[in-house]
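Coordinate analysis (summary)
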There are 2 protein chains.
Amino acid sequence: MRNAFNSDLSQMRANLVTMCRTVAESVREASEALFAQDLEKAERVILADQEIDEMQIAIDELAVELLARQHPVATDLRSVVSALRMSASLERMGDLAEHIALTTRRRYPEQVIAPCAQDTVRQMAALALRAVEDAAQVIETRDLKLAALVTTRDEELDALRQDVFKLLYAEENALSVQDAVDLTLIARFYERLGDHAVSLVRRIGFLVTGSTLDPHSPATEVEVI
Amino acid sequence: MRNAFNSDLSQMRANLVTMCRTVAESVREASEALFAQDLEKAERVILADQEIDEMQIAIDELAVELLARQHPVATDLRSVVSALRMSASLERMGDLAEHIALTTRRRYPEQVIAPCAQDTVRQMAALALRAVEDAAQVIETRDLKLAALVTTRDEELDALRQDVFKLLYAEENALSVQDAVDLTLIARFYERLGDHAVSLVRRIGFLVTGSTLDPHSPATEVEVI
């Protein structure tokens, strides 16, 4: 019984790692498509979201089966409940990558990101991708040092979002409304990707250290400015 | 045992209804503050988010206790898992109300919504509030007709978001970048509130009709345009 449970739990964790890596791949491709006005790549990201949604359903069904058959308690139960939460975050992260690709498709063949903001948004894209890749690593290895790094680095992402707002409002940039709208949304998508990655690694942290079930804390909330 | 379970399940449902009504109240106040540049009311919404976060933690702890003590299976198990999902949606909806209030505070004493978009955003605010109130009703009564209405009405909210984009891009409106940015974000927050309300009522629908665990479907996704 115990062995069956451990094997199911390992399977669930492996599925979460695979799902997180698939999301990272979508984020990478969505960013590449965004900066290269690559319509084909954007279409691939949009199609791949279906696959991510199916991964969530599979994880959730495994979790429900596991709860029904094995009646886990204490830490084991918290692991299963956390997996349900993490699959929901990952599904939403897939949507965010898809939203970036949809913006690229809508503006094609125009460039989405105005020249004045290219550097800043590229940095946001790189940090968001790294956060998702590191989150996969944390789910796999439970490396709490890396988890702490993901949380700290998210502050850089938030600072870059503030930089985007400065660029938006700088008169010398004279952005069109369309550029301003897209820049606002794309910056928000990357910021949300970072928030979700932080929420994933905090969940692992709380599982390992045995703190409260829900690591929701004001510190993970980001003001929209 | 069965009675204890039913009583816990009723308690959990009652907590979800209370949480959803509290979120509706925050949405109402956030919208009132937005349109009246009411700083005090905006501050109240920002403070109230803490309370909503605590409600989520309480629901999640009740769910975990229930799983640990009663080992529910089949429909009962799905109800508990759904409650976990719904509390996460509601927590996020509280954040969205807070984001609206934060925008009001940041722009104070200026008006956030440009005059040309006031009517459209007021309609969005009214529809989003109604969706959240109706969702509370659906959680309480499992009224599937009302659930279907919430889903249908969400299309109106999406159509209004498209109207906002037309307003943004209409040259005669000559919006400032700041007005464009805030209008983009506020419209997105109301749209997301509607999406979450749809996800709540679909979850109830799937519980009642016994369909798949996770009602994630492309139809509930809204393109970002």
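Along chain A, the regular secondary structure elements total 6 helices and 0 strands. Overall, chain A shows an N-to-C arrangement of helices and strands of α-α-α-α-α-α. Rg of the C-alpha trace for chain A: 19 Å, near the compact-globule value of 17 Å for 225 residues, within the 12% margin. When each of the 225 residues of chain A is scored for burial, the buried share is 61%. Of the contacts made within chain A by residues no fewer than 6 positions apart, 83% connect residues no fewer than 24 positions apart. Put simply, chain A has 24 plus and 38 minus side-chain charges, and the middle of one group is 5 Å from the middle of the other.

Each partner contributes to the interface: chain A provides 48 residues, whereas chain B provides 50 residues. Between chain A and chain B we count 2 salt bridges in total. Where chain A packs against chain B, one counts 5 residue pairs in polar contact (both at pLDDT 80 or more). Residue assignment for the side of chain A that touches chain B shows that the elements contributing at least two residues are α2 (39-70), α3 (74-107), α5 (144-169) and α6 (177-209) of chain A. The element contributing the most residues to the side of chain A that touches chain B is α3 of chain A, with 14 residues. Considered class by class, the residues forming the side of chain A that touches chain B number 24 nonpolar, 8 polar and 16 charged.

A few words on helix α2 (residues 39-70) of chain B. With 32 residues, α2 of chain B extends 47 Å between its outermost C-alpha atoms, agreeing within 8% with the 46 Å of an ideal straight helix rising 1.5 Å per residue. The opening residue of α2 of chain B is Asp 38 of chain B, an N-cap whose side-chain oxygen sits 3.3 Å from the backbone nitrogen of Glu 40 of chain B.

Here we come to the relation of the copies chain A and chain B. Note on the identical chains: chain A maps onto chain B by a rotation of 180° and an axial translation of 0.0 Å, with an RMSD of 0.0 Å. Such a combination of rotation and displacement between the chain copies is what one expects of a two-fold axis. A high fraction, 100%, of the interface residues of chain A reappear at the interface in chain B, so the copies pair face to face through one surface.

Residue and element names in this part refer to chain B. Note on placement: Glu 65 falls in helix α2. By relative accessible area, which is 41% here, Glu 65 ends up partly exposed. Through-space distance from the C-alpha of Glu 65 to that of Asp 8 is 9.4 Å; in sequence the pair is 57 residues apart.

Another point: the nonpolar core. Membership of the largest hydrophobic core comes to 158 residues, with the highest contact counts inside it found for Val 121 and Tyr 190 of chain A together with Val 121 and Tyr 190 of chain B. Leave out the neighbours within four places in its chain, and Tyr 190 of chain B touches Ser 31, Leu 34, Ile 100, Val 121, Met 124, Ala 125, Ala 128 and Leu 157 of chain B.

Residues and elements named next belong to chain B. Across its 33 residues, helix α6 (residues 177-209) extends 47 Å between first and last C-alpha, which sits within 8% of the 48 Å expected from 1.5 Å per residue. Buried residues dominate α6, accounting for 28 of its 33 residues. Backbone geometry just after α6 places Gly 210 at a positive phi near 75°.

For chain A, the mean per-residue pLDDT works out to 92, and 93% of the residues sit at or above 70. As scored by the predictor, the complex reaches a pTM of 0.91 and an ipTM of 0.88.

Analysis parameters
Residues numbered from 1 in each chain as written. Chains lettered and ligands numbered in written order. Predicted model: local features only at pLDDT ≥ 70, side-chain atom pairs only at ≥ 80, totals over all residues. Heavy atoms only, no water. Helix = DSSP H or I, 4+ residues; strand = E, 2+ residues; numbered from the N terminus. Rg over C-alpha atoms; globule rule 2.2 N^0.38 Å. Buried < 20%, exposed > 50% of the residue type's maximum accessible area, 1.4 Å probe, protein only. Contact = heavy atoms within 4.5 Å. Lys, Arg positive; Asp, Glu negative; His and termini not counted. Charge placed at Lys NZ, Arg CZ, Asp CG, Glu CD. Salt bridge = Lys/Arg side-chain N within 4 Å of Asp/Glu carboxyl O. Polar contact = N/O pair within 3.5 Å; in protein donor to acceptor, adjacent residues only side chain to side chain. Nonpolar A, V, L, I, M, F, W, Y, C, P; charged D, E, K, R; others polar. Expected span 1.5 Å × (residues − 1). Least-squares fit on C-alpha atoms with pLDDT ≥ 70 in both. Core = buried A, V, L, I, M, F, W, Y, C linked by side-chain atoms within 4.5 Å. pLDDT = per-residue confidence, 0-100.

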